[in-house]
Amino acid sequence: MKVVSFCHFLQGPAAMQYLADMGAEIIKIEPPHGAYERHWAGADRAKVAGVSAFYLSANRGAKSIAIDLKKPEARELVMRLIEQSHAVTENFRPGTLDRLGLGYDAVRERKPDIIYASASGFGRTGPLVKKPGQDLVIQAMSGLIAANGGGESPVAVGCAAADQHGAALMALGVLGAYVKWLTTGEGTRVESTLLGAGIDLQMESLVTYYASKRGRDILKRDPHLATWFHEAPYGVYKAADGFIAVSLNPPEKLSRVLESEAIAAFIGKSAYDNRDAYAKTLAEELKHRTIADLSARFDAADMWYARVDDFDDLVENPQVQHMEVFREVPVHDDTIRLLNHPLRYDGKVPDHRPFALEQGANTREILENFGFGSSEINSLFDAGVIHEPAVKTEMAGE
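Fair warning: this is a prediction, and the values are worked out from it, not measured in the lab. (Residues numbered from 1 in each chain as written. Predicted model: local features only at pLDDT ≥ 70, side-chain atom pairs only at ≥ 80, totals over all residues. Heavy atoms only, no water.)

1. Things to note about the pattern of salt bridges
At step 1: Summed over all chains, the structure comprises 17 salt bridges.
At step 2: One salt bridge in this structure joins Lys-287 and Glu-284, with 3.1 Å as the shortest N-O distance.
At step 3: Given a relative accessible area of 36%, Lys-287 falls into the partly exposed group.
At step 4: Given a relative accessible area of 48%, Glu-284 falls into the partly exposed group. (Salt bridge = Lys/Arg side-chain N within 4 Å of Asp/Glu carboxyl O. Buried < 20%, exposed > 50% of the residue type's maximum accessible area, 1.4 Å probe, protein only.)

The structure is reproduced here in structure tokens:
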């Protein structure tokens, strides 16, 4: 599958990375100065060998061609790439590509069987169509922050959850459309939204909430409890030397393991209706016990629990190492720790596919592969329509 991608930021590039990992050829169209994610990174501009960590997190496998879309020759150039591809993907605000003559209708007129996938904050129609969509905004609007904060002190999820889930949904939509194309030869317009992704993340929570018919006060709970809809002790508790997550374990079992009469008092009572009292009691029972002691007791009883690990602990986890979750990848004269593709195919992690370390790193290669002649390519360079790095760099991971 060949994909012409206008994706930037996180949602779109991460979707393309999923597809690239599975073997798709991703042609990333960038402006001459490079996509946004090349110039911004969190943690006060975290970079590796001068390359943004943000870019490296979600652009694996994409080949880069730098095109000045404001040049009159650019539209025809892009259309020729699209004619030889299966899909166009973009996550600009609605209407942006239409203004450049590369919107769905224009592309479909040129290539009727195109798969045209758009990702945006709120979709291309509706009262919020002009509002900028961003992960934190979506977390707030979708109810995720309110539900996550226990009703009293709303707390945001500590990662770009809506962006990442939106990326997975976008990739899923493109794959579904590709299956349709393979079986019918017909194209599809695919639309993914961050708002839809933020809501979809909460499928169980939202359906349960509306079915309960108990209103927003049901969200209020003891701060140890992880969700509003699980019964106690489902939550996070402080131990003497760390924190521990305790899942759905009945008071009969928990009281026996901890040798606790206080917890035994909840046997026969509703663990949901008494969730706050149950959680407070368990918190008192655990705060003076060590993680090692609790782990030994809980493992012996086959209980659902886990020590609360941080990111440094994560890379030392033997199961994570066994699953080959991380991969060290060279970037110029340095290395970066990246996440592998999250799925396994026939028991194997997909091979690493390299990065285009600079915008336009593959400009000439892409055009040659799409049948452009040398003189035509040189003319496009001379006219400033296409660009490549002043000093061509190696691809990361090669």
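2. Brief notes about the nonpolar core
At step 1: Core analysis: the largest hydrophobic core is formed by 28 residues, its most contacted members being Ile-67, Leu-367 and Ile-386.
At step 2: Those residues in contact with Leu-367 that lie beyond four places of it in its chain are Ile-65, Leu-77, Leu-81, Phe-372, Ile-377, Leu-380 and Ile-386.
At step 3: Counting residues in hydrophobic clusters, the runner-up holds 27 residues, among them Met-1, Leu-10, Ala-20 and Ala-41. (Core = buried A, V, L, I, M, F, W, Y, C linked by side-chain atoms within 4.5 Å. Contact = heavy atoms within 4.5 Å.)

3. Observations regarding the packing of aromatic side chains
At step 1: Overall, the coordinates contain ten aromatic pairs when judged by the stated rule.
At step 2: Geometrically, the ring pair formed by Tyr-178 and Trp-181 is stacked, given 5.9 Å between the ring centres and 5 degrees between the ring planes. Within this pair, Tyr-178 and its partner Trp-181 are both found in helix α10 (residues 161-184), separated by three residues, close to a single helical turn.
At step 3: Tyr-178 sits in the buried class, given a relative accessible area of 17%. (Phe/Tyr/Trp six-rings, centres within 6.5 Å; stacked < 30°, edge-to-face > 60°. Helix = DSSP H or I, 4+ residues; strand = E, 2+ residues; numbered from the N terminus.)

4. Digging into a nonpolar patch on the surface
At step 1: A surface patch of nonpolar side chains, amounting to about 310 Å² of accessible area, comprises Phe-9, Tyr-36 and Trp-40.
At step 2: Along the chain, Phe-9 turns up in the loop between β1 (2-6) and α1 (11-21).
At step 3: Given the relative accessible area of 37%, Phe-9 is considered partly exposed. (Patch = residues over 30% accessible without salt bridge, like charges linked within 9 Å, V, L, I, M, F, W, Y side chains within 5 Å. Areas by Shrake-Rupley, 256 points an atom, 1.4 Å probe, with all protein chains shown as cover.)

Remember that the coordinates give geometry; whether it matters functionally is a separate question.
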